[in-house]
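Next come the chains, spelled out residue by residue.
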Amino acid sequence: MRRFYGRSVQDQGAPSAQVSFRCDGFVRDGVIAAPPGEPVPLRAIPAFLRALLVTDGTVTKILEAYFWEPVTVDTLEQRFETAEEPVPAIQVAPGDRCLIREARLRGTDSGRSFAEAFSLIRTELIPSGFRQRLIDREIGIGVLIRDSGLESYREVLDVGMDVSSDGSPALCRTYRIIIERRPVILITECFPLALYAGERDPT
């Protein structure tokens, strides 16, 4: 949960190329934040990975269509935590109890790890049936929302370079899921850069 502490849902100062990219999907001569070192030009990022950073659809299905194999969601860890600091993006206050989930999106045929995901969930705002399926780790969050027929949409809040759990460079994005007009879930997804940079023809 600590990775989300203090993050605002509002952008500070004048609109930047990075802000415009996550909203519009195209910024001529735009760059993306990359700690440490120089910013990375958006045009240098693999095209499919750029699309993943800004999509508001279900990532699992997009990965299946691109890599042409089933993708499963492995829940690596799941636990309840009590917030010590605010998480403004989904209106979490100190003392609120939230569900934390760490997962991996894995190709069932190839065994490749296509993405890592870290989720912060306000379970008290989710309908009881949906909540139990989520806690039982039945399927991925995106597929679960779609199958449940809940009114929802995704809002991308941040994109940038980071590192994956094994320390390798990754492109990451953070977005929140609004369910029935309330911010309920905050997710950071990281895509290993080497995998997508080396992918040429998945078929």
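Our subject is the structure listed above.
Numbers given to residues run from 1 along each chain, matching the order in which its sequence is written. It should be noted that, the model being predicted, local features are given only for residues of pLDDT at least 70 and side-chain atom pairs only at 80 or more, the latter also being counted only at that level, while totals for whole chains, interfaces and linings use all residues. The side-chain values count all of the structure's non-hydrogen atoms but skip hydrogen atoms and water molecules.

A. Highlighting the pairing of strand S8 (residues 182-192). Each residue gets one of three labels from its accessible area relative to the maximum for its type: buried under 20%, exposed over 50%, partly exposed in between, using a 1.4 Å probe on protein chains only. The helix count covers DSSP runs of H or I at least four residues long, the strand count covers runs of E at least two residues long, and both are numbered beginning at the N terminus. Counting buried residues in S8 gives ten out of eleven residues, a clear majority hidden from the surface. A pair of strands is treated as paired once DSSP finds two or more bridges between them. Strand direction decides the pairing type here: strand S5 (residues 113-121) and S8, joined by six bridges, are antiparallel. From the neighbouring strand, Phe118 faces S8, where its bridge partner is Thr188.

B. Region of the structure containing the sheet that holds S8. If you walk across this open sheet you meet the six strands as S3-S4-S5-S8-S7-S6, and the pairing is antiparallel. Of all the strands in the sheet, the pair left with one neighbour each is strand S3 (71-82) and strand S6 (152-163). Strand-to-strand twist of the sheet, defined as the mean angle between neighbouring strand axes without regard to direction, takes the value 20°. Bridging between strand S7 (residues 169-179) and S8 involves ten bridges; their strand directions are antiparallel. Of the residues in S8, the one forming a bridge with Arg176 is Leu186. Helix-sheet contacts for helix H2 (residues 47-54) involve S6, S7 and S8, and the interaxial angle to S7 is about 30°. Here an axis means a line fitted to C-alpha atoms, over the contact stretch when the element is a helix, while the angle between two N-to-C directions is reported on a 0 to 180 degree scale. For this analysis, residues touch if any pair of their heavy atoms sits within 4.5 Å.

C. Summary view of the state of the cysteines. Cysteine sulfur atoms that come within 2.5 Å of each other are treated as a disulfide pair. Applying the stated criterion across every chain yields a total of one disulfide. Across the disulfide from Cys172 sits Cys190; the S-S distance is 2.4 Å. Torsion about the S-S bond of the Cys172 and Cys190 cystine: about 110°, corresponding to right-handed handedness. Highlighted residues: Cys172 in strand S7 and Cys190 in strand S8, separated in sequence by 18 residues. Take Cys172: its relative accessible area is 6%, and that puts it in the buried class.

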